[in-house]
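# Coordinates in review
Next come the chains, spelled out residue by residue.
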Amino acid sequence: LQTTTWRCPANICDSSHERFCGAHSGSAGCWTIRDPYFADAVGIPDWYHASEHVRDAAKILFPNGSERIREWTDEALGQLRHHGGEGLVTWLQPQLTGLRTKKRKVLTALLGYFQSRLGITDDPTHRKHDCQIGTGMFESTPKQLVGLRLKGSGMHWSPAGASAITALRAHNLNNNRHNLWKTLYIPKSTTTI
């Protein structure tokens, strides 16, 4: 489950309160977390996960044509990128004509996926307002915070030491280390840092 939340750029936020944008995989579980804690956040399905649905459908629609898979996927994702979910749905609907069985089922499922997300797949508007439409840079955060600093050759950390260095690293990456010292709690430990 991947959900990422950040402050919206000022040009799309209501000045009376702080709002957040959130990109996530688009699964129902993400909304379950988002709704109680970030109900006023702008929810954005992750580009990679949405495009994965398009690619998977293309593989079934064109089982013997790798070039046709690529062309159709590129056209579909172009519709999504430039016209949002509504543009993609409009482009997909006429393609149901003449399809039978498995191909019709997969295209109907793809249509259903985007029709149920029309309000949150307005990628042109999200990009226009500098909102992230992908979670990749946020998914790499554990590597930046933990992996690069704590997993070096021969390193051994106590829980208190790992907590302290991770907090310092997070504040450093956010250019906020001056506030760290005011709020940092380091649990007492019998081992040294």
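Residues numbered from 1 in each chain as written. Predicted model: local features only at pLDDT ≥ 70, side-chain atom pairs only at ≥ 80, totals over all residues. Heavy atoms only, no water.

## Digging into helix H2 (residues 47–61)
When the terminal C-alpha atoms of H2 are compared, their 21 Å separation across 15 residues agrees well with the 21 Å that a helix rising 1.5 Å per residue should span. Along H2, the positions that sit buried rather than exposed are Ala50, Ser51, Val54, Ala57, Ala58 and Leu61. End-on, the buried residues of H2 take up no more than an arc of 115°, which puts them together on one face. Buried residues belonging to H2 abut helix H3 (66–92) and helix H4 (101–115). (Helix = DSSP H or I, 4+ residues; strand = E, 2+ residues; numbered from the N terminus. Expected span 1.5 Å × (residues − 1). Buried < 20%, exposed > 50% of the residue type's maximum accessible area, 1.4 Å probe, protein only. Arc of directions from axis to C-beta. Contact = heavy atoms within 4.5 Å.)

## Regarding the packing of H2 against H4
At a minimum axis distance of 9 Å, the contact between H2 and H4 shows a crossing angle of 165°. Taken as axis vectors, H2 and H4 run roughly antiparallel relative to one another. Where H2 crosses over H4, the handedness of that crossing is left-handed. Two secondary-structure elements touch here, H2 through Ala50, His53, Val54, Ala57, Ile60 and Leu61 and H4 through Lys102, Lys103, Val106, Leu107, Leu110, Tyr113 and Phe114. Tallied by class, the residues present in the contact of H2 with H4 amount to ten nonpolar, one polar and two charged. (Axes fitted to C-alpha atoms, helices over the stretch in contact; angles between N-to-C directions. Parallel < 35°, antiparallel > 145°, perpendicular 65-115°, else oblique. Left-handed = near helix turned anticlockwise from the far one by under 90°. Nonpolar A, V, L, I, M, F, W, Y, C, P; charged D, E, K, R; others polar.)

## Topic: the nonpolar core
Most often, soluble globular proteins keep nonpolar side chains buried together rather than apart. By size, the foremost hydrophobic cluster in this structure holds 22 residues, and its most contacted members are Val54, Trp72, Leu107, Leu110 and Phe114. At the level of secondary structure, the elements contributing two or more residues to this core comprise H2, H3 and H4. Ranked by the residues each element gives to this core, the list is headed by H3, at eight residues. Residues in contact with Val54, not counting those within four places in the same chain, are Trp72, Thr73, Ala76, Leu77, Leu88, Leu110 and Phe114. (Core = buried A, V, L, I, M, F, W, Y, C linked by side-chain atoms within 4.5 Å.)

## A word on the packing of aromatic side chains
In this structure the tally under the stated criterion is three aromatic pairs. Arranged with centres 6.0 Å apart and planes meeting at 55°, the rings of Phe62 and Trp72 form a pair that is tilted. Here Phe62 is found in the loop between H2 and H3, whereas its partner Trp72 is found in helix H3, with ten residues between them in sequence. Each member of the pair Phe62 and Trp72 is classed as buried. (Phe/Tyr/Trp six-rings, centres within 6.5 Å; stacked < 30°, edge-to-face > 60°.)

## What to know about unusual backbone geometry
The backbone phi angle of Thr101 is positive, close to 45°, even though this residue is not glycine. In this fold, Thr101 is placed in helix H4.

## Topic: the pattern of salt bridges
Under the criterion given, the structure shown has three salt bridges. The shortest N-O distance in the salt bridge between Glu71 and Arg68 comes to 3.9 Å. One end of the pair is Glu71 and the other is Arg68, both in helix H3 and three residues apart, which spans about a single turn. Judged by relative accessible area, Glu71 falls into the partly exposed class, the value being 36%. Residue Arg68 is classed as partly exposed on the basis of its relative accessible area of 38%. Connected via shared salt-bridge partners are Glu67, Arg70 and Asp74. (Salt bridge = Lys/Arg side-chain N within 4 Å of Asp/Glu carboxyl O.)

## Some details on the confidence of the model for the protein chain
Looking at the protein chain as a whole, its pLDDT mean stands at 75, while 64% of the residues score no less than 70. Here strand S1 (residues 3–7) is the element of the protein chain with the lowest mean pLDDT, 43, and H4 is the one with the highest, 94. Low pLDDT (under 50) marks residues 1–19, which in the prediction has 53 contacts with non-local residues, meaning those over four places away or in another chain. (pLDDT = per-residue confidence, 0-100.)

## Observations regarding H4
Taking 1.5 Å as the rise per residue, H4 with 15 residues should run 21 Å; its terminal C-alpha atoms sit 21 Å apart, in good agreement. Elements that come into contact with the buried residues of H4 comprise H2 and H3.

## Brief notes about the packing of H2 against H3
Here H2 crosses H3 at 135°, and the two axes come no closer than 10 Å. Here H2 is positioned oblique relative to H3, judged by the angle of their axes. Crossing hand, H2 versus H3: right-handed. Facing H2, whose interface residues are Trp47, Ala50, Ser51, Val54, Arg55, Ala58, Lys59 and Leu61, H3 presents Ile69, Trp72, Thr73, Ala76, Leu77, Leu80, Arg81 and Leu88. Looking at the contact of H2 with H3 residue by residue, the class counts come to eleven nonpolar, two polar and three charged.

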